[in-house]
Amino acid sequence: MRYVDEFRDGGLAQKLSHEIAGLAEPDRVVKIMEVCGGHTHAIYKHGVEQLVPDEVDFVHGPGCPVCVIPMGRVDDAIALAERPEVIFTTFGDMLRVPGGRGSLLEAKARGADVRMVYSPLDALELARRNPEREVVFFAIGFETTAPATALTLLRARAEGVRNFSAFCNHVTIGPPLRAILDSPGLRLDAFIAPGHVSTVIGTRPYDFIVEEYGRPVVVTAFEPLDILHAVVMLLRQLREGRCQVENQYTRVVRRDGNPRALAALAETMELRDTFEWRGLGWIEHSALKLRPELAEWDAEARFELPGDRVDDPKACQCGEVLIGAIKPWECRVFGTACTPERPIGTCMVSSEGACAAYYNYGRLTVPA
Amino acid sequence: MKQRRARLRDELITLAHGSGGKASRALIEGLFLEELGNPLLNPLGDAALLELNGSRLAFTTDSYVVHPLEFPGGDIGELAVNGTVNDLAVAGATPLALSAGFVVEEGFEVARLRRLAASMARAAERAGVAVATGDTKVVERGKADGLYVNTAGIGLVAADARLGEENVRAGDRVLVSGTLGDHGMAVMIARGELQLEVELASDTAPVHELTASLLELGESVRWLRDPTRGGLATALNELARDSGVAVALEEAALPLRPEVVGACEILGIDPLYVANEGKLVAVVAADAAAEALRRLGAHELGADAAIVGEVRAEPAGLVVLETAFGGSRIVDMLVGDPLPRIC
């Protein structure tokens, strides 16, 4: 397939793999966090770990937008979905994520009108076609998906569609990275920064990682060759004693991001004081809510929500997985009490989560 | 080394229980087998095998709830015949007769029902089988999605057919009869929700001639399956699990249409889990693999047949994929339907 196969060329992969082996220093393990779930997925799907030497260790970061939604917010979503007047719309991979009261898929089985959409615009179209119903869109994701929500809200306002609203759970990528960098057990040497988020926000928001924490960063695309290329760039930085934000995804990402997307975000959303992340806890200024001007389209303003907090299960060690302190299979419940069918922790809930990716694709390489 | 039965821990049936993945398995083993289990049902094959005066009969049933009812490359009538013919064929049987049950929603157009019945008749003729008995029920508007069809079938198992996961050995080769995922993606695109403009037709077809040709190879043919719901990955996971072997697939060898790869890429779905309705997956002895491939390739339905992997002793119970990129990974059974990923 054009524009995809080129980035999955096995011959080129061998070349890069060889180059990485040459750059790695014997017995010095370099821990590289790939922040984004898309990277985690690609690493396992294509078997990238087997193309790097033992001295390169991928640590899977918090960038799975489905995994980080706290259980209490899932319960709020279910409460919205259970209102008789509501058609509740969501991306497919949010359907199976368990809250304290089960998943949206189970709510649907109990009679809630839950529908899978591929874009918030599909939800808006449902609202136009069902004027007697209230269509709520479960807005989740980083700065990647937030602009689509923003543009949909602007369109709803322009067209005067008043039976559409968004339940906003959009999060931002910078604050959780800072939280991870501040954590006491941290053992990370470098970062593979997310590609799609960076198409929107640019590369500047990662400057603090090199300036304040002295860890090199490479903004990276999602094909397996891209990831190997990023490893080469990071190892070169470390070897040459440089510490910079480099851009591997030059075919799309600009230093200042996408001004139109950022403008749409600024017009519709603002930072929350604080937001809870599953596995990481409360992080200041880490999420977005709708501006008061858009209260009419804000599900949190329009409907009463339970808003109850639900503690992460005690057995779960996701927090330690997320900062690279332990590997997924080192968690005490991995693969036993916690599986993709019955996830306990955030990292097991979506195929982009570190534990689920490992469970689904990677159990081959578990050390005996 | 059969694994122990899955348990059903859910309180309600969700769509995941109908997906063919782990949740379906839990429903079947944790509820239906517990209540209905008997020596004929327990093997959970594509068809039950009955002994009758020295002959072996294969007996199977399947229900069809596809939406839309008509899609590029086929319709629910054709699907209902081919699906049951194929379940018999992969049990090593020649189809003898089918039953057809129709659950029709009030208000359904008669002309459309006639069209679908005629399509069924054509499919039955192509497969050389008669619809010998049937049943019709009409339900109130809103109670069925237009039309549900159930078919059952019986077939005569070839006297020398020795098919079953217990025959599979390390070193055996895995073949597929053609491109993967065509039916599932064609139907998903035909629903019109994706706004993808892709010309893709369902592969619905009877595979009984392909299986008959392979069965002439005798005991070299170990195991046959039609990888419908859940796709090739699910069929091979069931083999690995039930027989305690490993299956290693080679990604570069998998026959895939570029349209299917492209649509799957956009949706974040793996074509290995997407349904086929006219394909065969066969495990054959290594020394018979080339001849099996030649036989599949000689039939119009097998033009894209390929040897896609082999059976290994380790890692027992798992399906692994050697990626075109040079790595390897596990191909696990899905929990429920493959869900599009958000990014």
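Source: prediction; values computed, not measured.

Asker: Can you help me understand the interface of chain B and chain A in this one?
Answerer: Accessible area lost during the coming together of the parts is what is often quoted as the interface size. If you look at the interface, chain B gives 30 residues, while chain A gives 41 residues. Contributions of two or more residues to the side of chain B that touches chain A are made by helix H7 (258-267) and strand S14 (328-330) of chain B. At 4 residues, H7(B) tops the list of elements feeding residues into the side of chain B that touches chain A. In terms of residue class, the side of chain B that touches chain A is built from 17 nonpolar, 7 polar and 6 charged.

Asker: Mind showing me how you'd approach the confidence of the model for chain B here?
Answerer: Low-confidence regions, as indicated by low pLDDT, have predicted coordinates that should not be scrutinised in detail. Per-residue confidence for chain B gives a mean pLDDT of 92; residues scoring 70 or more make up 97%. Predicted complex metrics record ipTM = 0.77 and pTM = 0.86.

Asker: When you look at unusual backbone geometry in this model, what are you seeing that I'm missing?
Answerer: Following B:His67, the chain continues to B:Pro68 via a peptide bond in cis, the omega torsion being 0°. Residues B:Glu314 and B:Pro315 are joined by a peptide bond in cis, for which omega reads -10°. Within the fold, B:Pro315 resides in the loop between strand S12 (306-312) and strand S13 (319-322). Positioned with a positive phi, A:Asp27 is a non-glycine residue whose angle comes to about 65°. In this fold, A:Asp27 is placed in the loop between helix H1 (10-23) and strand S1 (30-36). Among the residues examined, A:Asp27 registers 7 C-beta atoms within 10 Å and is labelled exposed. Even without a glycine there, the phi angle at B:Asn53 is positive, about 50°.

Asker: Help me understand the sheet that holds strand S7 (residues 147-157) of chain B, please; the structure alone is not making it clear to me.
Answerer: Adjacent strands of a sheet pair through backbone hydrogen bonds, lying either parallel or antiparallel. Residues and elements named next belong to chain B. Overall, mixed pairing links the 5 strands, which are arranged S1-S2-S7-S5-S6 in an open sheet. Either end of the sheet is taken by a strand with one partner, and the two such strands are strand S1 (48-52) and strand S6 (130-139). For this sheet, the mean angle separating the axes of adjacent strands, direction not counted, is 20°. Both strand S5 (residues 93-105) and S7 contribute to a ladder of 11 bridges, which runs antiparallel. Looking across to S7, one finds that Leu-98 is bridged to Gly-153.

About the thresholds
Residues numbered from 1 in each chain as written. Chains lettered and ligands numbered in written order. Predicted model: local features only at pLDDT ≥ 70, side-chain atom pairs only at ≥ 80, totals over all residues. Contact = placed C-beta atoms within 7 Å. Helix = DSSP H or I, 4+ residues; strand = E, 2+ residues; numbered from the N terminus. Nonpolar A, V, L, I, M, F, W, Y, C, P; charged D, E, K, R; others polar. pLDDT = per-residue confidence, 0-100. Buried ≥ 20, exposed ≤ 12 C-beta atoms within 10 Å, placed from the backbone. Pairing = 2+ DSSP bridges. Axes fitted to C-alpha atoms, helices over the stretch in contact; angles between N-to-C directions.

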